[in-house]
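What follows is each chain in one-letter form.
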Amino acid sequence: MSNGIGAVVDVVAATAPEVRAGLADRRAYTESENPSGDRQLAADVHADELLCERLLDVDAVGSYASEERDAVVEDDGRLHVACDPLDGSSNLKSNNAMGTLFGVYDAPLPAPGSALVAAGFALFGPVTTLVVARDGRVREWVLDGGDRRLLEDDLALPAEPTVYGFGGRRPEWTDAFAAYADRVAEELKLRYGGAMLGDVNQVLTYGGVFGYPGLRDRPEGKLRLLFEGHPIAFVVEAAGGASSDGERSLLELTPDRLHARTPLFVGDPGYVDDLEAALA
Ligand code: P6P
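Residues numbered from 1 in each chain as written. Predicted model: local features only at pLDDT ≥ 70, side-chain atom pairs only at ≥ 80, totals over all residues. Heavy atoms only, no water.

Asker: What is the right way to look at the site of the ligand in this model?
Answerer: Neighbouring residues of the ligand: Asp-87, Gly-88, Tyr-192, Gly-194, Ala-195, Met-196, Phe-210, Tyr-212, Lys-222, Leu-223, Arg-224 and Glu-228. Measuring from an oxygen atom of the ligand, one finds a side-chain N or O atom of Asp-87 at 2.8 Å. Here the ligand, which alone exposes 390 Å², has 77% of that area covered by the protein. Assessed atom by atom at 2 Å from the grid points, the ligand resides in the largest pocket. In terms of residue class, the shell around the ligand is made up of 6 nonpolar, 2 polar and 4 charged. (Near = heavy atom within 4 Å. Polar contact = N/O pair within 3.5 Å; in protein donor to acceptor, adjacent residues only side chain to side chain. Areas by Shrake-Rupley, 256 points an atom, 1.4 Å probe, with all protein chains shown as cover. 1 Å grid on protein atoms, 1.4 Å probe; cavity = no way out; pocket = protein on both sides within 12 Å on 5 of 7 lines; lining within 4 Å. Sits in = over half its atoms within 2 Å of the grid points. Nonpolar A, V, L, I, M, F, W, Y, C, P; charged D, E, K, R; others polar.)

Spelled out as structure tokens, the structure:
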């Protein structure tokens, strides 16, 4: 198993800088939409094509699924990889953070969160970093010019929460969530940048909570369980944090279809507990 996971991480580590290098010339929207109805940038398609080809070249990888594709791409192998090839690509126009998110399962997709054996993300910020959770531990590297330099060998969520970020517009929030958000806003500093990976990395760095709640007219929320919820929950929980869909850990959930959405919260266990009590 470890050589398979290591090979997947190597592919992401090698491909992320190439995805980033290709962003400048792929800022235009294509004519197509992804299965969730989001308009696709040329950068989305480029990242997805590179990752699909290279991950399926790994002997241990038996299938590839992505936010950008209707169906799973099947091959032979015991590991199954789900990717958001370019999370937050709408930030390309505004030149803000975005990144590549992946989850490695030992069961066919869509799989339960309990089938995750590794997850992580490359973050395109001022520098490119790679965060990987496996074997109950989170590590962080800087990816620079083909080098991979270890930054954190045991990344842990700070015990003292500092920042928060919640998606959706306030009129779309339920009364229960709005009341919870008001309490959080009195205690923490707002950090919301429009790309989950950038916002969650703020939480991993400074402590706090990130969420995209279920909305009045969209109780399942916006974010995808398989491509965003599971992998980010795996990382944050391995770093000592918690995750929730408002009731339970996201890792306890199984998508009923590949592109199923979910309310998504990750971060400080106390704030996640308070959220679940507020929505109960
Ligand atoms: P909104 C990016 O499109 C994304 O999927 C997440 O990365 C991000 O957290 C969220 O949607 C942003 O949504 O409604 O604030 O644009």
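Asker: Before we go on, may I ask you to explain unusual backbone geometry in this structure?
Answerer: If a residue is not glycine, its phi is most likely negative; likewise, a peptide bond is most likely trans. Here the residue pair Leu-109 and Pro-110 is connected by a cis peptide bond, since its omega of -5 degrees sits within 30 degrees of zero. Looking at the element boundaries, Pro-110 is found in the loop between β6 (98–105) and β7 (116–124). Positive phi outside glycine occurs at Asn-95, with the angle close to 55 degrees. Assignment of secondary structure puts Asn-95 in the loop between β5 (79–87) and β6. Overall, Asn-95 belongs to the exposed group, its relative accessible area being 66%. Not every positive phi belongs to a glycine, and Asp-135 is a case in point at roughly 55 degrees. Structurally, Asp-135 can be placed in the loop between β8 (128–134) and β9 (137–144). (Helix = DSSP H or I, 4+ residues; strand = E, 2+ residues; numbered from the N terminus. Buried < 20%, exposed > 50% of the residue type's maximum accessible area, 1.4 Å probe, protein only.)

Asker: I keep staring at the environment of Ala-181 and nothing clicks. Help me out?
Answerer: Tracing the backbone through its elements, the reader meets Ala-181 in helix α3 (residues 175–187). Take Ala-181: its relative accessible area is 4%, and that puts it in the buried class. In sequence terms Ala-181 and Tyr-164 are 17 residues apart; their C-alpha atoms lie 9.3 Å from each other. Discounting chain neighbours no more than four positions away, the residues touching Ala-181 are Phe-166 and Trp-173. (Contact = heavy atoms within 4.5 Å.)

Asker: Help me out: how do you make sense of the environment of Ala-159 in this one?
Answerer: Turning to its location among the elements, Ala-159 is positioned in the loop between β10 (147–152) and β11 (163–166). Expressed as a C-alpha distance, the spacing of Ala-159 and Gly-241, which sit 82 residues apart in the sequence, is 9.2 Å.

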